[in-house]
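In case you want the letters, here they are:
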Amino acid sequence: MIWLEGVAVRYRAPEERLGTFKEYAIRRLQRRVRYQDFFALNDINLQVRRGEIFGIIGRNGAGKSTLLKVISRVLVPTRGRVYLGGQVSPLLELGAGFHPELTGRENVMLNGTLLGHPLRELEARMAEIVEFAELGNFIEAPLRTYSSGMAARLGFAVATAWQPEILLLDEILAVGDEAFQRKCQARMQSFRDAGTTTLMVSHDMAAVSALCTSAAWLAHGKIRLIGPSAKVIEDYRAG
């Protein structure tokens, strides 16, 4: 499960734009720099049950990706608490954790090791990962030769090659053709049936409606509405 209690992320930015670092340093020494607080997230209270696929929707800049980074421990919240009932497998950015000069196979080994999987297990799952990502002989090519869709397919295949306890997805289902998207959705549904907790950010309302029983509408760093996904999507579109 995932449980957030009073979570906030605050950033501080100068009130006026300073052209150079030198100008900023001088004014900082003179104590003439005034700051303005900006809350990327504010007073977030959210609970996702075990085995649930929960959707997060909202406009760009609403704080959706920041929320996933807090849950995955990439960001430490300014205040509030985050409780996680299991190990997190995050897939927050296309190609995150990959090195462009390494081959796809080498990146699988690197990324899988960072996710905590032993090399022996990675070698045993390699054929399955390559088949799911639909890369064929490209698995031996450097990642810099991949399209963004190919890199995303490989990232999804590695992150979901094992049954995760908590899976975080940020717009990953928007890549690839419809057939690959259906394959990803089928894997997520099988994980749900086996008890995986999934939190997915998406602008694809059809995917949220099809996969998520519940959803939250995030606006300006605050949760505007939580409820059944169909109701949340309806109000979001109307708003």
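In what follows, the accompanying structure is described.

Definitions and limits used
Residues numbered from 1 in each chain as written. Predicted model: local features only at pLDDT ≥ 70, side-chain atom pairs only at ≥ 80, totals over all residues. Heavy atoms only, no water. Pairing = 2+ DSSP bridges. Helix = DSSP H or I, 4+ residues; strand = E, 2+ residues; numbered from the N terminus. Axes fitted to C-alpha atoms, helices over the stretch in contact; angles between N-to-C directions. Salt bridge = Lys/Arg side-chain N within 4 Å of Asp/Glu carboxyl O. Buried < 20%, exposed > 50% of the residue type's maximum accessible area, 1.4 Å probe, protein only. Parallel < 35°, antiparallel > 145°, perpendicular 65-115°, else oblique. Contact = heavy atoms within 4.5 Å.

Topic: the sheet that holds strand β6 (residues 166-170)
Here we have 6 strands laid out as an open sheet, ordered β5-β6-β7-β3-β8-β9, and mixed in their pairing. On the outer flanks of this sheet lie β5 (88-91) and β9 (222-228), each paired with one strand and no other. This sheet shows a mean twist of 15° between the axes of neighbouring strands, independent of strand direction. The pairing of strand β3 (residues 53-57) with strand β7 (residues 197-201) spans 4 bridges and is parallel. Pairing of F54 across the sheet is with L199, part of β7.

Describing the pattern of salt bridges
Inspection of every chain in the model, using the stated rule, returns 7 salt bridges. K231 is paired through a salt bridge with D235; the nearest N and O atoms lie 3.3 Å apart. Here D235 and K231 lie together in helix α8 (residues 229-238), a separation of 4 residues that amounts to about one turn. On the accessibility criterion, K231 (43% relative accessible area) is partly exposed.

What to know about the packing of helix α4 (residues 119-133) against helix α6 (residues 178-193)
Angle between the axes and distance between the axes are the two parameters that describe a pair of packed helices. Where α4 meets α6, the axes come as close as 11 Å, and the angle between the chain directions of the two elements is 135°. Taken as axis vectors, α4 and α6 run oblique relative to one another. Contacts between α4 and α6 pair E128, E131, F132 and A133 from the former with F180, K183, C184 and R187 from the latter.

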